[in-house]
Amino acid sequence: MRPRFLTRRAIQLALTANALRPLPGERAAIPAFFAGWLTGELAPHLLALTAADTAAHLARHGTRTRPDRVGLALSLASMAGLGALIADSQRARGEIEHALAEALGEQYLKDLRRPPDPKDLATPWGQLVLPFRMHNPEVRRDRNVAYAPGGRRFLLDIYRPRELVQGRPVLLQIHGGAWMVDSKDHQGIPLMQHMAQRGWVCVAVNYPLSPKARWPDHIVAVKRAVAWVREHIDGYGGDPAFLAATGGSAGGHLAALLALTPNDPSLQPGFEDADTTIQACAPHYGVYDFAATSGASASEYRLKTLLARYVVGKDPVQFLDDYIAASPLDRINDKAPPFFVIHGERDTMVPVAEAREFVRRLREASPNPVAYAEISGAQHAFDVFPSIRSAHVVRGVERFLEWAYLRSLAG
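This write-up is about the structure you can find in this document. (Residues numbered from 1 in each chain as written. Predicted model: local features only at pLDDT ≥ 70, side-chain atom pairs only at ≥ 80, totals over all residues. Heavy atoms only, no water.)

A word on the overall build of the chain. When its secondary structure is counted, the chain shows 13 helices and eight strands. In terms of overall size, the chain behaves like a compact globule, its C-alpha atoms giving a radius of gyration of 22 Å where 411 residues would be expected to give roughly 22 Å. Taking the principal axes of the C-alpha coordinates as reference, the chain spans close to 75 × 50 × 40 Å. In the chain, buried positions account for 56% of the 411 residues. Sequence-distant contacts in the chain: of pairs separated by 6 or more residues, those separated by 24 or more amount to 78%. As displayed, the chain has an accessible area near 17400 Å², and 56% of this comes from carbon and sulfur atoms. Side chains of the chain carry 47 positive and 42 negative charges; the gap between the two charge centres is 9 Å. (Helix = DSSP H or I, 4+ residues; strand = E, 2+ residues; numbered from the N terminus. Rg over C-alpha atoms; globule rule 2.2 N^0.38 Å. Buried < 20%, exposed > 50% of the residue type's maximum accessible area, 1.4 Å probe, protein only. Contact = heavy atoms within 4.5 Å. Areas by Shrake-Rupley, 256 points an atom, 1.4 Å probe, with all protein chains shown as cover. Lys, Arg positive; Asp, Glu negative; His and termini not counted. Charge placed at Lys NZ, Arg CZ, Asp CG, Glu CD.)

In structure tokens form, the structure reads like this:
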């Protein structure tokens, strides 16, 4: 039992250290993400388990042997690191609020119909005890509605209040997964359930995946979903005049590109007359430098190893214009709607410098507010399930979306 205790404590310390300071380099990005993501977001749970495991071992064996003492030292180091991760998570509340006040004005809260009370701003500990049990009895989910022919990759789910509503604003959720994996069923659920409970109608979409699908099939499908929403969402209580978009990673890329390419006929083959404008956008840890025109090494690595091989399937030198047309960083224009860009400080999959450059250029070009929150200690995909950090981010996104909606009503 003693060697096992020492091994458990060593592994936990290594995971905690990686969450605090991820392994560097493009090749280490994926293992650093998987090792750090759950550790960072489940830090309170892991702290409790580490303390319980250590206490149980000490009660049985004490510190009579050297492995016992080494294991105890490793446990104490892990608990200190996990405590630092929890403190990082709590900073999200202030970082989100500072970003919104800076972009929307210090008095923006007074413009909301229901300014947040202390309970809204507090960490919802009760919700976080069982983070993977995401069910809200006040929210109804309509599953697998077809928005276009083609099977399961052209289905959407609608999250809406349990009671009947009419004319409510709409949020479109676009899942991530490197344009190659995952579905509408696994991402954005905490945000959609929260917004539906607040009276919004939320739509989570599937889209064709690579390598079977090639770019621009992904964004064309998302725009088809927007066209479907505009035509049909009133039957589910939504207001087709106000549609916001959100998503993480590849979904953040698609949400941002959607917002920056309204009614682009080249991305709407066969439905060129459909209105695909977006009234607000809140991308999370999105891919913005699709064409690697910034020269960043991480963007170039992604371009060569992922996008050119599996997603676009074309030589990025010979067909550079195709990549630029797909790149939010290169599609920025003065017609952009209000944006709230959110990115993790320790993101190894999409380095935070990419979001900073996107925000810098967007602020230079857009007449609308561009809020930017850089979240301390956050890895990629930090919002997939409820956590301290994601709870504060969800509530901040709610305030941004409510502000954008009320602003649109005011004309």
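Taking burial as the measure, the six residues of strand β7 (residues 339–344) include six buried ones, the bulk of the element. Burial along β7 is two-sided: Phe339, Val341 and His343 facing one way and Phe340, Ile342 and Gly344 facing the other are all buried. Here strand β6 (residues 280–284) runs beside β7; their pairing, made up of two bridges, is parallel. Considered in β7, the bridge of Cys281 is made with Phe339. Here β7 runs beside strand β8 (residues 370–375); their pairing, made up of six bridges, is parallel. From the neighbouring strand, Phe340 faces β8, where its bridge partner is Ala371. You can see the chain leave β7, run along helix α12 (residues 352–365) and come back into β8, and the turn it takes is right-handed. (Pairing = 2+ DSSP bridges. Right-handed = clockwise from strand over helix to strand, strands pointing away.)

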